Amino acid sequence: MDRSEITDNPVIKAYDQPSGGWGSLKSVMEKTLAEGLSVETMYEMLRKQNKADGYACVSCSWAKPAEPHLAEFCENGAKATVWEVTRKRCDRAFFAKHRVSELRHWTDHDLEKQGRLTTPMRYDASLDQYIPVKWEDAFREIGAELQALNPDSAVFYVSGRASLEASYMWQLFSRIYGSPNLPDSSNMCHESTSVGLPKSIGSPVGTVQIEDFDLADMLFFFGHNTGTNAPRLLHQVHDARQRGVPVVTFNPLQERGLMRFKDPQSPAEMLSPGDGVKMSSDYFQLRPGGDIAAMTGIAKAVLALDDAAIADGRPRILDTAFIAEHGHGFEDFEAFVRGQSWEEIERCSGLDRDSLEHVGRLYSRAERVIANYGMGLTQHRHGTENVQMLCNLLLMRGNIGKPGAGISPIRGHSNVQGQRTVGISEKPELVPLDKLAEFYAFEPPRHKGLDTVEACKGIIDGSVKAFVSLGGNFSRAAPETALLEEAWRKLRLSVQISTKLNRNHLLPGEVTYILPCLGRIEDDRQASGLQHVSMEDSTACIHGSIGWSPPASPELLSEPKIIAELAKATIPGRSNIDWDFWVADYSRVRDEIARTYPKDFSNFNARFLQPGGFHRDLAACKREWNTENKKANFLTPSGFDVNPNIEVDGKNILSLMTIRSNDQFNTTVYGYDDRLRGIQGTRMVILMNAEDMKRLNLRDDDRVDLATHADDGVDRRVCDLRVHAFSIPKGAIAGYFPELNPLVPLWHHAEGSHTPASKAIPVEIVRR
Ligand SMILES: Nc1nc2c(c(=O)[nH]1)N[C@H]1C(S)=C(S)[C@@H](COP(=O)(O)OP(=O)(O)OC[C@H]3O[C@@H](n4cnc5c(=O)[nH]c(N)nc54)[C@H](O)[C@@H]3O)O[C@H]1N2
Ligand SMILES: Nc1nc2c(c(=O)[nH]1)N[C@H]1C(S)=C(S)[C@@H](COP(=O)(O)OP(=O)(O)OC[C@H]3O[C@@H](n4cnc5c(=O)[nH]c(N)nc54)[C@H](O)[C@@H]3O)O[C@H]1N2
Ligand SMILES: [Mo]
């Protein structure tokens, strides 16, 4: 069996191997050969990955150390590299052969598997095909179309992979044109962080640097699948475990990477017979949405220990000096925690009091604690409060703003954090608009633009007329798939700047273009020679990157070049920017970024190529709080999230979390195996608690449909899913994103941040 393919006989059985290890090397090797690359080429490429003189991995945003391993890459970074530099091409001949309506029946995997896009294309409705066009014709028509529209009706989406240089140019293009509609993939991802953290600690990003992991004496993991989604972080966890540091994980699923790991970089570990290092010292399978309750339990245990310390005349457990000097709102928070009963905490978290008290004791003994988290916290209706509650827990013991401690949101795309830093935001207050106006002689829009949820609304209600996309696969990544796909056809203009064919390309508007671009791993040669680009990682560290591989096609243009040409065609004479001058040498764009953001980017060009990059200067790391009251705020949650669990009105409502497999990068599906969860040959599965299956009279491999439980009159359904018993709390089920996105209602998003709540979606099983 070609194990990357879908099969009629999928195999699901518990995976008992460690993450990393030989399974990881084998998986990389299979993907390399399948993309037509030799092992030598792969080795050469991977040697340059995440090095000061090489390219920054196009997969996740985890930090790159100043002294990298000889091979500073992971299984999934290697897969992402191989997927980009594949020898396969989705070229003119392919588009001549296939109608768009035919391609709509293909899977996401089969679409991207055709290889790299090679030629700019325009959709021809009479033929139902994409037809090659000249670049200059494409730019001219897109420019004319945009000029004819009200700028407020145009959306300029950006996916988090584009470089700092491209992102800075993109936001200027959009703003000079007059549109503040700059949603990015971050809106679907860590927006709950970007909205939640500033109110707590005055920083939209985390406070931890990679060196802090060497100093920490305890790590938390809430809702992050590290082994799949930021595997290089397992090295820091591995080292911490070797030092005997407790690692405490809260996750409804037993994610393999946080259970056992065998370091593929360590010959001794690879050759030893055991199954690697135990990663989490304590692993708690809480209920989805149970995090505020669980954290309240931990905080309650800490308060009880503090009470006992006072009674015995021992040193306090709370960091009272920190709270007095820096904190605000502690009394309300304390009252909230004391006011919650253990019964309610146990019921809502799905965990018992003993476990949470045990964690409270571990936490009270630790002096330097890092709290890592991912989509398990942010993609909930109370995602913003989740993030703030984690801050509360850290602040109780002064764990923010000192070495070895802090809050660590693990970001997604490799430059998603950096895009926000250089002006990609729909929120005007986050962007130095006055400076942009002064530097570039134009009047930027000052009103709030559309975020992802609002852009979807606008597309569905017809008020959005143009969607211009720098990377990504918006219609597939966003919620409310059925309505969105139907409405997409009503767009006047749809432009996708892309590297691979994806489902969004198959939804033509009236005027539709695919503009193929260089990937980051490719040589980007402009008038002044080969160009570097730069990225900000999850730890606010900025790195340079230079391509390595020859371009997939001579017709490809770089993202900065495409943006410049679009700007010249759309907004000629509307600013003083010489776009060609910038594109000729990207260091000029970096100079502009440094001029706009001198605090973060001073000496940008001189510093970005140094090994390990350079850090942004974050006030919260120095215990300076850029909040309104200049304090670190304890923000009391509004209550526990009571999940739509089990029975509602006699119906069996389950709480669905949509997750990623080990064989995908977001909507890019490399194959049909999720090795670390023991699933082979399919993605159309529902993982379910065995007792729920019994109660609902379901057996392994039964086929069912899933429907969203909502009373808004919209039928949301995904058909023909295989049920499988799995280690997951009762009342919860899990299945894959993006296949299950049709089940996510647009209104099911985090309050405050509008992050689509892709976890804890109320659904019902419908028998076929
Ligand atoms: N290989 C690979 N790497 C990637 C990506 C990829 O698709 N593939 N995507 C990138 C992107 S854009 C992002 S944002 C990140 C995403 O990385 P993650 O943040 O790991 O996102 P998910 O894959 O959605 O996994 C969410 C985890 O949270 C758990 N979870 C679900 N609900 C809850 C809950 O209520 N509470 C708790 N405590 N846990 C919960 C799930 O079981 C799962 O382990 O990864 C990035 N890196
Ligand atoms: N149900 C559910 N939905 C989710 C999530 C979830 O957990 N559950 N996660 C959400 C999250 S965290 C995110 S970040 C979003 C992801 O949303 P997006 O970022 O929009 O989606 P991707 O799948 O990363 O985009 C893949 C496409 O990007 C293009 N591409 C790849 N490399 C490049 C490049 O270098 N340049 C350009 N121009 N294009 C390139 C390729 O054409 C490829 O098809 O999805 C969100 N949606
Ligand atoms: Mo993401």
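Residues numbered from 1 in each chain as written. Chains lettered and ligands numbered in written order. Predicted model: local features only at pLDDT ≥ 70, side-chain atom pairs only at ≥ 80, totals over all residues. Heavy atoms only, no water.

Section: the overall build of the protein
To keep it simple, the criterion reads: Here a strand is any run of E in DSSP of at least two residues, a helix any run of H or I of at least four, and the numbering for each starts at the N terminus. The quantity called the radius of gyration is restricted to C-alpha atoms. Its globule counterpart is 2.2 Å times the number of residues to the power 0.38. Each residue is assigned to one of three classes by its accessible area relative to the maximum for its type, calculated with a 1.4 Å probe on protein chains only: buried under 20%, partly exposed between the two thresholds, exposed over 50%. Only heavy atoms enter the contact rule, under which two residues are in contact if any of them lie within 4.5 Å. Areas reported here follow the Shrake-Rupley algorithm with a probe of radius 1.4 Å; residue values treat only the protein chains shown as occluding.
When its secondary structure is counted, the protein shows 31 helices and 34 strands. Computed over its C-alpha atoms, the radius of gyration of the protein comes to 25 Å, within 12% of the 27 Å expected for a compact globule of 768 residues. Counting only C-alpha atoms, the protein reaches 80 × 60 × 55 Å along its principal axes. Out of the 768 residues belonging to the protein, those deemed buried represent 65%. Contacts in the protein between residues far apart in sequence, at least 24 positions, make up 78% of those at least 6 positions apart. Per element, the accessible surface of the protein, about 26,500 Å² overall, is 51% carbon and sulfur.

Looking at the site of ligand 2
Stated precisely, the cut-off is as follows: In these notes, residues near a molecule or strand are those with any non-hydrogen atom within 4 Å of it. Between N or O atoms, a polar contact is any pair within 3.5 Å; within protein, one atom must be a potential hydrogen donor and the other a potential acceptor, and residues adjacent in sequence are included only when both atoms are from side chains. Basically, the charged four are Asp, Glu, Lys and Arg, the nonpolar ten are Ala, Val, Leu, Ile, Met, Phe, Trp, Tyr, Cys and Pro, and anything else, Gly included, counts as polar.
The full set close to ligand 2 counts 31 residues, and Glu-112, Tyr-157, Ala-477, Glu-559 and Thr-667 are the nearest of them. Between ligand 2 and Thr-667, the relevant distance is 2.5 Å, taken from an oxygen atom to a side-chain nitrogen or oxygen of the residue. One nitrogen or oxygen atom from the side chain of Asn-741 is found 2.8 Å from a nitrogen atom belonging to ligand 2. In isolation ligand 2 offers 940 Å² of accessible surface; the protein chains occlude 96% of this area. A breakdown of the residues in the shell around ligand 2 according to their chemical character gives 9 nonpolar, 16 polar and 6 charged.

Describing helix α12 (residues 233–242)
Residues that lie three or four places apart on an α-helix share one face, since the helix turns once every 3.6 residues. Burial runs high along α12: 8 of the 10 residues are buried. Those residues of α12 that fall on the buried side of the exposure criterion are Leu-233, Leu-234, His-235, Gln-236, Val-237, His-238, Ala-240 and Arg-241. Count one or two residues on from α12 and you reach Gly-244, which has phi positive near 85°.

Description of the sheet that holds strand β6 (residues 129–132)
What counts, and what does not: In short, DSSP must find at least two bridges between two strands for them to pair. Between the N-to-C directions of two axes lies an angle of 0 to 180 degrees, each axis being a line fitted to C-alpha atoms and, for a helix, fitted only over the stretch in contact.
Strand order in the open sheet made by the 6 strands is β6-β5-β18-β17-β16-β7, with mixed pairing throughout. Edge positions in the sheet fall to β6 and β7 (154–158), since each has one partner strand and no second. Geometrically, the sheet is characterised by an average inter-axis angle of 20° between neighbouring strands, direction not taken into account. Here helix α8 (residues 164–177) sits on the sheet and contacts β7, β16 (466–470) and β17 (493–498); the angle it forms with β7, its principal contact strand, is near 170°.

Structural notes on the domain arrangement of the protein
Condition: Each domain span listed reflects an automatic or database assignment of domains. Buried area is a sum: the accessible area each of two parts loses on coming together, probed at 1.4 Å, counted once for each and added. Salt bridge, as applied in this entry: a Lys or Arg side-chain nitrogen positioned within 4 Å of an Asp or Glu carboxyl oxygen.
Here the protein is partitioned into domain 1 (17–84), domain 2 (89–188 + 415–617), domain 3 (191–409) and domain 4 (653–767). One C-alpha centre belongs to domain 2, the other to domain 3, and the line joining them spans 36 Å. Each partner contributes to the interface: domain 2 provides 12 residues, whereas domain 3 provides 10 residues. Both sides together, the interface formed by domain 2 and domain 3 hides about 770 Å², and carbon and sulfur atoms give 39% of it. In this structure, the connection of domain 2 to domain 3 is made through 2 salt bridges. Among the salt bridges present, the one from Lys-427 reaches Glu-191, with a minimum N-O distance of 2.8 Å. Our count for the domain 2 to domain 3 interface comes out at 7 residue pairs in polar contact (both at pLDDT 80 or more).

Digging into the UniProt feature "domain: Molybdopterin oxidoreductase" (unreviewed entry) in the protein
Applicable threshold: UniProt positions are given in the numbering used here, feature names are shortened, and annotations may be inferred rather than shown by experiment.
Feature annotation in UniProt places "domain: Molybdopterin oxidoreductase" (unreviewed entry) on residues 116–495, given in this structure's numbering. Summarising residues 116–495: 46% helix, 13% strand, and an end-to-end C-alpha distance of 17 Å.

Digging into the sheet that holds strand β11 (residues 277–278)
Sheet architecture is open: 3 strands sit in the order β2-β10-β11, paired in mixed fashion. Two strands lie at the open edges of the sheet, namely β2 (19–20) and β11, each paired on one side alone. Bridging between strand β10 (residues 260–262) and β11 involves 2 bridges; their strand directions are antiparallel. Its bridge partner being in β11, Phe-261 is matched across the sheet by Val-277.

Things to note about the layout of surface pockets
With a probe scaled to a water molecule rolled over the atoms, the places where space remains empty come into view. To be explicit about the condition: Points on a 1 Å grid, built from protein atoms alone, make a cavity when a 1.4 Å probe fits but cannot get out and make a pocket when they are open with protein on both sides within 12 Å along at least 5 of 7 lines; residues with an atom within 4 Å of a point are the lining residues. Grid points are joined across faces, edges and corners, and a volume is the space filled by probe spheres set on the points.
Computed from the structure, the largest pocket encloses a volume of approximately 1,000 Å³. Sort the elements by how many residues they give to the lining of the largest pocket and helix α9 (residues 191–201) lands first, with 5 residues.

Observations concerning the nonpolar core
Proteins that are soluble and globular tend to have nonpolar side chains buried together. Rules: Residues belong to a common nonpolar core when they are buried Ala, Val, Leu, Ile, Met, Phe, Trp, Tyr or Cys residues joined through side-chain atoms within 4.5 Å.
Core analysis: the biggest nonpolar cluster contains 63 residues, and Trp-170 and Trp-579 have the highest contact counts within it. Per element, the largest residue contribution to this core is 9 residues, and it comes from α8. The contact partners of Trp-170, leaving out residues within four places of it in the chain, are Phe-156, Tyr-157, Val-158, Leu-182, Ile-424, Val-468, Ser-469, Leu-470, Ile-497 and Ile-563. Core analysis: the second largest hydrophobic core is formed by 54 residues, Leu-318, Leu-351, Leu-356 and Phe-640 among them.

Description of the site of ligand 1
If you check the shell around ligand 1, you find 30 residues, and the closest are Glu-255, Gly-289, Asp-291, Gln-664 and Asn-666. Take Phe-250: an N or O atom from its main chain is 3.0 Å from a nitrogen atom of ligand 1. Here Gln-664 contributes a backbone N or O atom positioned 2.7 Å from a nitrogen atom of ligand 1. Across the complex, the protein chains shield 99% of the 920 Å² of accessible surface that ligand 1 would expose by itself. Residue classes in the shell around ligand 1 are distributed as 11 nonpolar, 15 polar and 4 charged.

Quick look at the pairing of strand β32 (residues 717–725)
Examined bridge by bridge, strand β30 (residues 685–688) and β32 share 4 bridges and lie parallel to one another. Within the sheet, the bridge partner assigned to Val-685 lies in β32 and is Arg-722. Bridge analysis of strand β31 (residues 703–708) against β32 gives 4 bridges, and the strand direction is antiparallel. Paired with Leu-706 across the strands is Val-718, a residue of β32.

Details of the packing of helix α14 (residues 291–312) against helix α16 (residues 330–339)
The condition is simple: An angle below 35 degrees is read as roughly parallel, one above 145 as roughly antiparallel, one from 65 to 115 as roughly perpendicular, and any other as oblique.
Here α14 crosses α16 at 100°, and the two axes come no closer than 9 Å. In this view, α14 runs roughly perpendicular relative to α16, as classed from their interaxial angle. Contacts between α14 and α16 involve Thr-296, Ala-299, Lys-300, Leu-303 and Asp-307 from the first element and Phe-330, Phe-333, Glu-334, Phe-336, Val-337 and Arg-338 from the second. Tallied by class, residues from the contact of α14 with α16 come to 6 nonpolar, 1 polar and 4 charged.

Let's talk about a negative patch on the surface
As a reminder of what qualifies: Within the patch definition used here, like charges are joined within 9 Å and nonpolar side chains (Val, Leu, Ile, Met, Phe, Trp, Tyr) within 5 Å, considering only residues with over 30% relative accessible area and no salt bridge. For the purpose of counting charges, residues Lys and Arg are taken to be positive, whereas Asp and Glu are taken to be negative. His and the chain ends are not included. Charge coordinates come from a single atom per side chain, which is NZ of Lys, CZ of Arg, CG of Asp or CD of Glu.
Residues Glu-343, Glu-346, Asp-352 and Asp-354 make up a contiguous surface patch of negative charge. On the secondary structure map, Glu-346 appears in helix α17 (residues 342–349). Residue Glu-346 is classed as partly exposed on the basis of its relative accessible area of 30%.

Here we look at the UniProt feature "domain: Molybdopterin dinucleotide-binding" (unreviewed entry) in the protein
Using the residue numbers shown here, the UniProt feature "domain: Molybdopterin dinucleotide-binding" (unreviewed entry) corresponds to residues 654–711. Structurally, residues 654–711 is divided into 10% helix and 38% strand, and its ends, taken at the C-alpha atoms, are 16 Å apart.

Focus: the pattern of salt bridges
One pass over the full model with this rule turns up 49 salt bridges. A salt bridge links Lys-31 to Asp-663; the shortest N-O distance between them is 3.3 Å. One end of the pair, Lys-31, is in helix α1 (residues 21–34); the other, Asp-663, is in the loop between β26 (651–659) and β27 (664–665), with 632 residues separating them in the sequence. The salt bridge partner of Arg-116 is Glu-522, with a shortest N-O separation of 2.9 Å. Of this pair, Arg-116 sits in strand β4 (residues 116–117) while Glu-522 is found in the loop between β18 (511–516) and β19 (525–526), placing the two residues 406 residues apart along the sequence. Classification of Arg-116 by relative accessible area gives buried; the value is 1%. Its relative accessible area of 3% is what places Glu-522 among the buried residues. A single network of salt bridges, built from pairs that share partners, joins Lys-31, Glu-75, Lys-79, Asp-663 and Arg-675.

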